[in-house]
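Results of the structural survey
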Amino acid sequence: MFAFILRRLIQAVIVMVVVALIAFMLFQYVGDPVMLMLGQDATPAQRMQLRVDLGLDRPFIVQFWHFLVNAVQGNFGLSLRLGAKVSRLIGERFPATLELSLVAAVLALLVGVPMGVYAALRRGTFTSQLFMMLSLLGVSLPTFLIGILLILFFSVGLGWFPSFGRGDVTRFGWWSSGLFTLDGWMHMVLPAITLAIFQLTLIMRLVRAEMLEVLRTDYIRFARARGLSNRAIHFGHALKNTLVPVMTITGLQLGGLIAFSIITETVFQWPGMGLLFIQAITFADIPVMAAYLCLIALIFVIINLIVDLLYFVVDPRLRVGNAGGH
């Protein structure tokens with residue numbers, strides 16, 4: 001177990017160093033930060049002085065080392081667009097993105113798993129075929145179109161939910177949350193559904209496929225031969241083993257929800273990191289882009305490490321395989 005964790009940690013460090021190198025290359029090849037900060041009216045002497053102050057006259061490896069040290073400390077400099085610390089901007093936007101992603105992930109699990117189980121156990125029925133058709137629509141339709149359709153129907157047409165913003169939030173120090181106010185939940189519904197639909201359909205199809213595969217195994221036949229009820233077989237044995245790969249995919253998809261909530265946040269003007277990143281791209285705000293890239297990579301690495309550890313604990317075959325030297 002210790003060797004397993006150590007290998008995963010080494011891999012995580014290597015991944016983060018590579019991502020940090022990619023983020024650092026933004027400063028080298030995407031625009032000139034000196035020109036962006038001083039403008040075109042600056043004199044050559046002013047530009048040279050700022051380049052020296054920023055350390056841009058030093059060798060590449062020295063600049064990258066200082067970037068790594070600062071990144072570990074959470075220091076990515078100042079936003080070229082807003083003139084504020086990037087760490088503060090990320091800290092202000094991160095709660096909104098994390099909250100939206102968690103609600104979407106819970107919604108996808110609560111709806112996707114039962115739909116997948118039903119589609120597997122009632123294969124061939126009208127409802128099962130309807131679920132499969134809806135899942136194809138959920139996978140095929142682009143996220144921005146789903147968001148626009150929800151706004152058109154539920155906000156413009158029926159007037160049930162707000163079409164943009166986060167609503168009223170409750171503050172706990174530097175952390176803010178909209179889950180403790182009714183207005184926050186009203187603003188949460190449409191973005192969460194938009195973000196969850198793709199993950200929901202993916203989980204449903206995965207659960208259905210895994211459930212059908214498990215139901216064909218020998219131990220399920222043995223359980224039927226012992227006279228166990230369908231309820232005990234389906235939910236006590238089949239579903240339990242079906243959820244092992246689902247747990248892995250769901251964990252990784254949570255990182256995807258956080259990273260790829262950009263479109264949803266843009267459509268609903270949700271004040272999260274995705275909207276901040278889109279604005280940073282528009283204005284070539286390189287420090288914000290680099291910080292976002294490093295933070296998303298760190299989230300993926302942490303989630304992947306947790307999922308690997310959970311998978312190692314849940315699936316005894318991995319422990320047996322390691323013990324046997326396979």
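Residues numbered from 1 in each chain as written. Predicted model: local features only at pLDDT ≥ 70, side-chain atom pairs only at ≥ 80, totals over all residues. Heavy atoms only, no water.

For the structure on display, the rule yields two salt bridges. A salt bridge links Arg88 to Glu92, with the shortest nitrogen-to-oxygen separation between them at 2.7 Å. You can see Arg88 and its partner Glu92 sitting in helix α5 (residues 86-121), four residues apart, about one turn around the helix. We classify Arg88 as partly exposed; its relative accessible area is 45%. By relative accessible area, Glu92 is classed as partly exposed at 41%. (Salt bridge = Lys/Arg side-chain N within 4 Å of Asp/Glu carboxyl O. Helix = DSSP H or I, 4+ residues; strand = E, 2+ residues; numbered from the N terminus. Buried < 20%, exposed > 50% of the residue type's maximum accessible area, 1.4 Å probe, protein only.)

On to the packing of α5 against helix α12 (residues 273-282). One can describe the packing of α5 onto α12 by two numbers: an axis separation of 7 Å at closest approach and a directional angle of 130°. One finds that α5 runs oblique with respect to α12. Judged by residue contacts, Leu89, Ile90, Arg93, Phe94 and Thr97 of α5 engage Met273, Gly274, Leu275, Leu276 and Gln279 from α12. The residue makeup of the contact of α5 with α12, split by class, is six nonpolar, three polar and one charged. (Axes fitted to C-alpha atoms, helices over the stretch in contact; angles between N-to-C directions. Parallel < 35°, antiparallel > 145°, perpendicular 65-115°, else oblique. Contact = heavy atoms within 4.5 Å. Nonpolar A, V, L, I, M, F, W, Y, C, P; charged D, E, K, R; others polar.)

Averaged over all residues, the pLDDT of the protein is 78; the fraction at 70 or higher stands at 84%. When the elements of the protein are averaged for pLDDT, helix α14 (residues 316-323) gives the smallest value, 52, and helix α7 (residues 143-157) the largest, 87. (pLDDT = per-residue confidence, 0-100.)

Here we take up empty space enclosed by the protein. Empty space among the atoms becomes apparent when a probe as large as a water molecule is rolled across them. On inspection of all chains with the given rule, the structure shows one cavity of 30 Å³ or more. In this model, the largest cavity occupies a volume close to 50 Å³. Every residue along the wall of the largest cavity is listed here: Ala105, Ala108, Gln199, Ile203, Thr250, Gln253, Leu254 and Leu257. Looking at the lining of the largest cavity, the elements with two or more residues in it are α5, α8 (182-215) and α10 (230-259). By residue number, the principal contributor to the lining of the largest cavity is α10, which donates four residues. When grouped by side-chain class, the residues that make up the lining of the largest cavity number five nonpolar, three polar and no charged. (1 Å grid on protein atoms, 1.4 Å probe; cavity = no way out; pocket = protein on both sides within 12 Å on 5 of 7 lines; lining within 4 Å. Points joined across faces, edges and corners; volume = space filled by probe spheres on them.)

A word on the side chain of Gln199. Looking at the element boundaries, Gln199 is found in helix α8. Every residue in contact with Gln199, bar those within four places of it in the chain, is listed here: Ala108, Gln253 and Leu257.

The relative placement of two aromatic rings is captured by the distance of their centres and the angle of their planes. Considering all chains together, one arrives at seven aromatic pairs under this definition. With 6.0 Å between their ring centres and 40° between their planes, Phe154 and Trp160 make a pair best called tilted. Given a relative accessible area of 52%, Trp160 falls into the exposed group. What links up through ring pairs into an aromatic cluster is the set Phe153, Phe154, Trp160 and Phe161. (Phe/Tyr/Trp six-rings, centres within 6.5 Å; stacked < 30°, edge-to-face > 60°.)

Take the layout of surface pockets next. Taken as a whole, the second largest pocket encloses approximately 380 Å³ of empty space. Lining the second largest pocket we find 18 residues, and of these Met16, Ala71, Val72, Phe76 and Cys294 sit closest to its centre. Elements supplying a minimum of two residues to the lining of the second largest pocket: α1 (2-29), α4 (60-72), α5 and α13 (286-314). With five residues, α4 is the single largest residue contributor to the lining of the second largest pocket. Residues belonging to the lining of the second largest pocket are distributed by class as follows: 16 nonpolar, two polar and no charged.

Before going further, it helps to spend a moment on the nonpolar core. Ranked by internal contacts, the top residues of the largest apolar core, which has 30 residues, are Phe67, Met273 and Ile296. Of all the secondary structure elements, the ones that give two or more residues to this core are α1, α4, α5, α10, α12 and α13. No other element matches the ten residues that α13 contributes to this core. Leaving out residues up to four positions away in the same chain, Ile296 has contacts with Ile258, Ala259 and Met273. Membership of the second largest hydrophobic core comes to 28 residues, among which are Ala104, Met115, Phe131 and Leu206. (Core = buried A, V, L, I, M, F, W, Y, C linked by side-chain atoms within 4.5 Å.)

Together, Phe2, Leu6, Ile10, Ile14, Val18, Ile22 and Leu293 make up a nonpolar patch on the protein surface, roughly 670 Å² of accessible area in all. Here the nonpolar patch takes six residues from α1, the largest share from any one element. Tracing the backbone through its elements, the reader meets Val18 in helix α1. (Patch = residues over 30% accessible without salt bridge, like charges linked within 9 Å, V, L, I, M, F, W, Y side chains within 5 Å. Areas by Shrake-Rupley, 256 points an atom, 1.4 Å probe, with all protein chains shown as cover.)

The next point concerns the environment of Gln199. Exposure remark for Gln199: the relative accessible area of 10% places this residue in the buried category. With 57 residues separating them along the chain, Gln199 and Gly256 place their C-alpha atoms 9.4 Å apart.

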